[in-house]
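Overview (structure and organization)
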Amino acid sequence: MKLINLACGVLMVTMLAGCATKGAVDVVRRDVDETKTRMYTLEKELTTAREGEKDLKDEFSALRRSDADLQASLDGVRTDMQALAGKVDDYAVGTKKSADQLVRYREDVDRRIVAIEDRIVKLQAAVDELNKKVQEGGQGAGSGDAAKMETLYQKGLESFKAGDMPATRTQLTAFIDQQPEHELVSNARYWIGETFYSEKNYEQAILEFQEVIKQFPKKEKAPAAMLKQALSFKALKDVKSSRYVLGKLVQDYPKSEEAKRARVLLKELK
């Protein structure tokens, strides 16, 4: 993401900062932390790739150039994350406003997180390709299967950023059908739920988030799915169900950022 786009995103979030509760800010902080973890993992893998290139210095000059470009991209992600994280503390003093305003604020932040996740997926594919070339010892450039597998997922994220929810569902569903064992399936299923939530089709959103909770209870998107499921029940005025899901979230994932948000919501629903 270019810095000027990030600046515009920060301005939009700042305009809505007064609309956010402290709990909503905590959710944003959690998303930032998740993305940082992914970034650190990529950096570790990149370091491993560099070590493999030391013994192939003459044969892999092209790979070194790819490595430099990849590092520059990682630096760009780091810069974007630092800028976003620096603003989160400023939003912590936001006061509670109407539910509609809070939903718009959350959707705006979601799109920014999707943009960052999209960049990480692309960087991960590049790292995988680089590692494969190093392991093959110069005997072919590799097929790029890892990158091809994630093409539909990337397109789905791009459609979500563009606000095209039907296209997002089509692309992410195709990705799940073609790669049912891929590590990003849980994320794809979660974002399908987010498309229905964005369209205020809360009944369908609840069903999609339930698939994440049921099929991927140990994945990082499981607590996020429970939180959004509870918010969907709340939007439908089903306070009893919302409280139940929030209580289950606190019980099953007590140390998660979503659990912190759930505790705040439980107090508001009394």
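Residues numbered from 1 in each chain as written. Predicted model: local features only at pLDDT ≥ 70, side-chain atom pairs only at ≥ 80, totals over all residues. Heavy atoms only, no water.

With that settled, consider the overall build of the protein. Secondary structure summary: the protein contains 12 helices and zero strands in total. Counted from the first residue to the last, the protein has its helices and strands arranged as α-α-α-α-α-α-α-α-α-α-α-α. For the protein, the proportion of contacts with a sequence separation of at least 24, taken over those separated by at least 6, is 69%. (Helix = DSSP H or I, 4+ residues; strand = E, 2+ residues; numbered from the N terminus. Contact = heavy atoms within 4.5 Å.)

This brings us to the pattern of salt bridges. Counted according to the given criterion, the structure contains seven salt bridges. Across the pair Glu-194 and Lys-228 runs a salt bridge whose closest N-O atoms are separated by 2.9 Å. Of the two residues, Glu-194 is situated in helix α8 (residues 185-198) and Lys-228 in helix α10 (residues 221-235); the sequence distance between them amounts to 34 residues. Exposure class is identical for Glu-194 and Lys-228. Each is buried. Between Asp-252 and Lys-248 there is a salt bridge; the shortest N-O distance is 2.7 Å. Residue Asp-252 and its partner Lys-248 are both found in helix α11 (residues 239-252); the two are separated by four residues, about one turn of the helix. Of the residues examined, Asp-252 reaches a relative accessible area of 34% and is grouped as partly exposed. (Salt bridge = Lys/Arg side-chain N within 4 Å of Asp/Glu carboxyl O. Buried < 20%, exposed > 50% of the residue type's maximum accessible area, 1.4 Å probe, protein only.)

Quick look at the nonpolar core now. Counting 39 residues, the largest nonpolar core has Tyr-153, Phe-175, Tyr-190, Trp-191 and Leu-246 as the members making the most contacts within it. Taken together, the elements giving at least two residues each to this core come down to α6 (151-161), α7 (165-178), α8, α9 (202-215), α10, α11 and α12 (257-268). Considering each element in turn, this core owes the most residues, eight residues, to α10. (Core = buried A, V, L, I, M, F, W, Y, C linked by side-chain atoms within 4.5 Å.)

A separate point is the side chain of Lys-228. A relative accessible area of 2% places Lys-228 in the buried class. Separated by 2.9 Å, the side chains of Lys-228 and Glu-194 make a polar contact. (Polar contact = N/O pair within 3.5 Å; in protein donor to acceptor, adjacent residues only side chain to side chain.)

Let's shift gears to the environment of Leu-184. Relative to the assigned elements, Leu-184 resides in the loop between α7 and α8. The exposure class assigned to Leu-184 is buried, which follows from its relative accessible area of 4%. Put simply, Leu-184 and Tyr-153 are 31 residues apart on the chain and 8.2 Å apart in space, counted from C-alpha to C-alpha.

Mapped onto the fold, Arg-169 is located in helix α7. We classify Arg-169 as buried; its relative accessible area is 17%. Excluding its chain neighbours within four sequence positions, the residues that come into contact with Arg-169 are Ile-192, Thr-195, Phe-196 and Glu-199.

Bringing the packing of aromatic side chains into the picture now. Two descriptors summarise a pair of aromatic rings, namely the distance from one centre to the other and the angle between the planes of the rings. Within this structure, the stated rule accounts for five aromatic pairs. Seen in terms of ring centroids, Tyr-153 and Phe-175 are 5.4 Å apart; in terms of plane orientation they differ by 55 degrees. Their pairing is tilted. Here Tyr-153 is found in helix α6, whereas its partner Phe-175 is found in helix α7, with 22 residues between them in sequence. Every member of this aromatic cluster is reached through a ring pair, and the members are Phe-160, Tyr-190, Trp-191 and Phe-209. The ring of Phe-196 has Arg-169 lying over it, and the distance from NZ or CZ to the ring centre is 4.3 Å. (Phe/Tyr/Trp six-rings, centres within 6.5 Å; stacked < 30°, edge-to-face > 60°. Lys NZ or Arg CZ within 6 Å of the ring centre and 35° of its normal.)

This brings us to α8. In a regular helix each residue adds 1.5 Å, so 14 residues correspond to 20 Å; α8 covers 20 Å between its end C-alpha atoms and thus fits that length. With 14 of its 14 residues buried, α8 lies for the most part within the structure. The positive-phi residue at the C-terminal boundary of α8 is Lys-200, with phi of around 65 degrees. (Expected span 1.5 Å × (residues − 1).)

Glancing now at α9. Taking 1.5 Å per residue, 14 residues should reach 20 Å; α9 reaches 20 Å between its end C-alpha atoms and fits that length. Against α8 and α10 lie the buried residues of α9.

Attention now goes to the confidence of the model for the protein. Averaged over all residues, the pLDDT of the protein equals 74, while 47% of them reach at least 70. Of all secondary-structure elements in the protein, the lowest mean pLDDT belongs to helix α1 (residues 3-15), at 42, while α10 reaches the highest, 97. Counting interchain partners and residues more than four positions distant, the pLDDT-below-50 stretch residues 1-20 has 38 contacts. (pLDDT = per-residue confidence, 0-100.)

Right, let's get into unusual backbone geometry. With the exception of glycine, most residues fall at negative phi, and the peptide bonds are largely trans. The phi dihedral of Lys-200 is positive, around 65 degrees, even though this residue is not glycine. Mapping Lys-200 onto the fold places it in the loop between α8 and α9. One non-glycine residue with positive phi stands out, namely Lys-237, at about 70 degrees. Relative to the helices and strands, Lys-237 resides in the loop between α10 and α11.

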